[in-house]
Amino acid sequence: MTGLVKKTAPSIRVLLLWHALALASICLSSILFLGAPIWQLGDSELWLYASVAGAYLVAAAASTVHALRSGSWRFVVAAATVMAALGLVFLAMLITRLQYSRSLLLQLVALSSLLAVAPLAVRFLPRLSIAGLSVATLAVLTLSVLDRGDLLRVEPSEFETRNLVTTAFYNVVTNEYHGRIPWSKTKGGGLDRFGDDLILASGDGRLFLLQLGENSGALDVRELSVSAPMNTDEFIAGTQESVDRRRFRVGDIAVQNHGEMRRIFISHHYWNAQSECFVVRVSSALLDADAKPVDGVAPIWNTIFESAPCLAVRESASGEQPEFPRFAGHQVGGKLAFIDEQSLLLSVGDHRFDGFNSSLVLPQDSTSSYGKTILINLVDRSSEIFSIGHRNPQGLAVDAAGDIWLTEHGPQGGDELNRIVRGGNYGWPTVTFGTEYGTFAWPLSDTQGRHDGFEKPVYAWSPGLGISDVIAINEPRFPIWRGDLLISTLTAAQLIRARVEDGRLVFSEAFNIGKRIRDLVESQDGTIILWTDESTIISIQPADSVQLTESERGRMLFSLCSGCHALGDGATHGIGPDLAGILGRPIGSARGYRYSEALAGISGSWTPEALDAFLADPQTFAPGTVMTAAQGVPDDAARSAMIEFLKTQ
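Residues numbered from 1 in each chain as written. Predicted model: local features only at pLDDT ≥ 70, side-chain atom pairs only at ≥ 80, totals over all residues. Heavy atoms only, no water.

Caption draft 1: Just the overall build of the chain, in detail. A count of helical and extended segments in the chain gives 13 helices and 28 strands. Looking at the chain residue by residue over its 649 residues, the buried ones come to 51%. Counting every atom, the chain has about 28500 Å² of accessible surface; 55% of that belongs to carbon and sulfur. (Helix = DSSP H or I, 4+ residues; strand = E, 2+ residues; numbered from the N terminus. Buried < 20%, exposed > 50% of the residue type's maximum accessible area, 1.4 Å probe, protein only. Areas by Shrake-Rupley, 256 points an atom, 1.4 Å probe, with all protein chains shown as cover.)

Caption draft 2: Local environment of the packing of aromatic side chains. Tallied over the full model, the rule gives 17 aromatic pairs. Centre to centre, the rings of phenylalanine 278 and phenylalanine 327 are 5.0 Å apart; their planes meet at 85°, and the pair counts as edge-to-face. Of the two residues, phenylalanine 278 sits in strand E11 (residues 277-288) while phenylalanine 327 sits in the loop between strand E13 (311-312) and strand E14 (333-340), which places them 49 residues apart along the sequence. Where phenylalanine 558 meets phenylalanine 645, the ring centres are 5.7 Å apart and the plane angle is 50°; that geometry is what we call tilted. Residue phenylalanine 558 is found in helix H9 (residues 550-558), and its partner phenylalanine 645 is found in helix H13 (residues 636-647); the two are separated by 87 residues along the sequence. Among the aromatic side chains, those forming a connected cluster through ring pairs are Phe235, Phe248, Trp271, Phe278 and Phe327. If you follow arginine 262 out to its NZ or CZ, it ends over the ring of phenylalanine 194, 5.7 Å from the centre. One residue, arginine 281, lies across the ring of tyrosine 270, its end atom 3.7 Å from the ring centre. (Phe/Tyr/Trp six-rings, centres within 6.5 Å; stacked < 30°, edge-to-face > 60°. Lys NZ or Arg CZ within 6 Å of the ring centre and 35° of its normal.)

Caption draft 3: Summary view of the pairing of strand E17 (residues 383-388). Of the strand pairs in this sheet, strand E16 (residues 372-377) and E17 are connected by five bridges, and their pairing is antiparallel. Paired with lysine 372 across the two strands is isoleucine 388, which belongs to E17. Joining the antiparallel neighbours E16 and E17 is a turn of five residues, in which arginine 381 adopts a positive phi near 65°. (Pairing = 2+ DSSP bridges.)

Caption draft 4: Structural view of the sheet that holds E16. Read across the open sheet, the four strands follow the order E14-E15-E16-E17; overall the sheet is antiparallel. The open sheet has two edge strands, E14 and E17, and neither has a second partner. Averaged over all adjacent pairs, the angle separating strand axes in this sheet is 25°, with direction ignored. Bridge analysis of strand E15 (residues 343-348) against E16 gives six bridges, and the strand direction is antiparallel. Counted as the bridge partner of valine 348 is lysine 372 from E16. (Axes fitted to C-alpha atoms, helices over the stretch in contact; angles between N-to-C directions.)

Caption draft 5: Spatial organisation of the environment of histidine 409. Mapped onto the elements of the fold, histidine 409 is located in strand E19 (residues 404-409). Sequence spacing of histidine 409 and asparagine 392 is 17 residues, and the spatial spacing of their C-alpha atoms is 5.2 Å. The residues touching histidine 409, leaving out its near neighbours within four places in the chain, are Arg391, Asn392, Gln394, Asp415, Gly466, Ile467 and Leu490. (Contact = heavy atoms within 4.5 Å.)

Caption draft 6: Layout of the environment of glutamate 260. Mapped onto the fold, glutamate 260 is located in the loop between strand E9 (250-258) and strand E10 (261-272). Separated by 65 residues in the primary sequence, glutamate 260 and glycine 195 place their C-alpha atoms 9.1 Å from one another.

So yeah, pure geometry; function would need other evidence.
See below:
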C-alpha cells in the first residue's frame, strides 16, 4: 500500500523519543485544558489523565513493535491501535460509572490520537517535528513550575454571540458577552445587584462592576480596585503541591444598600497560617455608589463570621480512612441571602468531612459550622446554626413570601431542591437519594434510595444536573414566570424553571444555555443575568423586547411549525418531513418520508420563490396536500423571515 497508509519506519531512536515527548505532552496538557498541573488535579480528573496516558502508552508500544518488525509504518495500524486502547478507557468508564468531564475526555482523545499517528510527519521532518514538540512541552512545563495564578489567566478577545431559545411561554434572547472578564482556573464567585448595576466577584477574588445597556445592549465592565480579602498566596505557601489550589475560592457576594453607600458581603476561604488550617469567612466592607472605597484609598474589611473548627489540609497514609480528606474547597457552599435587614443566611458545605471521605461527620455535628446553614446577626455579629445535614449547598434564595429555598449537590445523583426551615435536619450524610461515585449505593445509608426520618427535599434529580444557584422571579418582565424559581446547573448547562405549590414541585421546564452556569441574578428591570465557569456573562430577556434580524424572526416563527417539522439531519421526520436543507432540495424528496401524492407529483426544487408560494397557500401550490396548516402564512414579511431562517439550516 502507498500514500498515507504505509511509509518506511522511522528509526527506533526517533520513535522512542517521539513517544516519550508525546506522553509528557499529554500529562502536561492539564495546564492548558484545566489551568493546573497534573499533580494538583482532583481524583476523577487524575484518573482520566492516567487512563488516557496508559492507553497511549499501550498503543504506542504496539504500533512501534509492529513498525520495527515489518520495516514499515502503517497509518491504519497506528490509528486502529490507539482507537482500540482508548475504547477500553470508554468501557472502563461505563462499567465504573465514573463521573468525568466529557469535554476534557474529548480533548484528551483528540490530542492522544493525533500524537499517536504523528510519526508519519516525523518520517519526513524528524528533527523539526521533535524539536517543535520539545519546545511546546518545555513551554508548558515552565508554566506549570512558575505559575502562582497570574500566568494562567487568559485575556481572551471580546466578542458577543446571540441565540434564540424557545421556552413553553416565551421565545427568549440570550446575549453572551465573552472576554469581558479574564478567565481564571479558579471557579466559583457570584453576582448581585449594585444599585442599578451589578457587581461580580470572581472565584479568585477579583471584583467587577457590570453596567448593561438598555434591552441588554452593550455591556460595560470595570474591574474594581477592591478585591476579596483572601490570602491565596499564604494558602499556596502552606500546603503541598498535591493540594488542588483552584478550590480555594470565593463562594458568593451579597449587597445591602445604605442610602448612597453599599455594604458588600463576600463569603470566601481563609488560610490560618499559624495553625495551618482553613476556614470559611464572611467579610464585609463599605463602598460608595460608584463601587469605590468610602475612604478613597482601600476598604476596611470586617470579619462578620468565621466557621469552626479550623480544618487542616493533610495527606493520610494509603488505605487509611483520613480524618482530614483531600482539600475539597469546591464544596464550600458559601451562598448568601438576606432574611431581613439585620439577618444574613449563609450556606456552608461539608468539604467532604462526611463520615466516608473522612472519619469526621461534621454535617451532623452541632459544634461544627460545616454542612449547615448559618444565620448571622448583622448588628452584633453573633451567629447560630439554622439548619443541618447539608452536603454542598450551592444556591440560596428567599422568595416574596419569605420561604427559603436551597439547591444542593448530591454525591452521584440526588441533587436536591429544599425548602429550609429553622432547626431542620436534611439528613446528609445519613440519607441521600444519590450514591457514591462509581457504585450503586451510598455506604452510610441503612436504606438505599430513601430519605426517611429527616426533612425531605421538595424534589431530587437523578442523574444529577450539577445543580448550582437558585433565584425567585420577582420582577414583571417575564409575567408568566413571576413567583417561580429559576435554577441553574453546571453539568447539564441548563436553566430550570420550577413552580412549587403546596410544598410540591408541580411544574418543571428545562431549557439549554450551553454553558456551566455558576450563578444568576435578576436585574432591576427583570433581565436574567448569568455568570458561567467559562467567565462569560449571559443576559436573558423576552425576544419581543429585542430588535431581531429577519433570520431570527424567522426562527421564532418556525417554532410554530416545530410540532410537525424537525430541523435535524434531513431525515428525522415527525408528522411532517425534516426541513433541514430544504432550500435547493427537489420537492417531495426527503429521504425516508412518505409524501402525499399532491407533493410527490410536483417537479422542480424548493427555491425561495417556490417555498414562498407554498407557505402562502399550500392548497393552491399542491392541491390535495395533507399539510395541516392548510390556511398558509398570509403575511409576506413572516414568510420572508421564515425562508431566511430556513436558508441557514
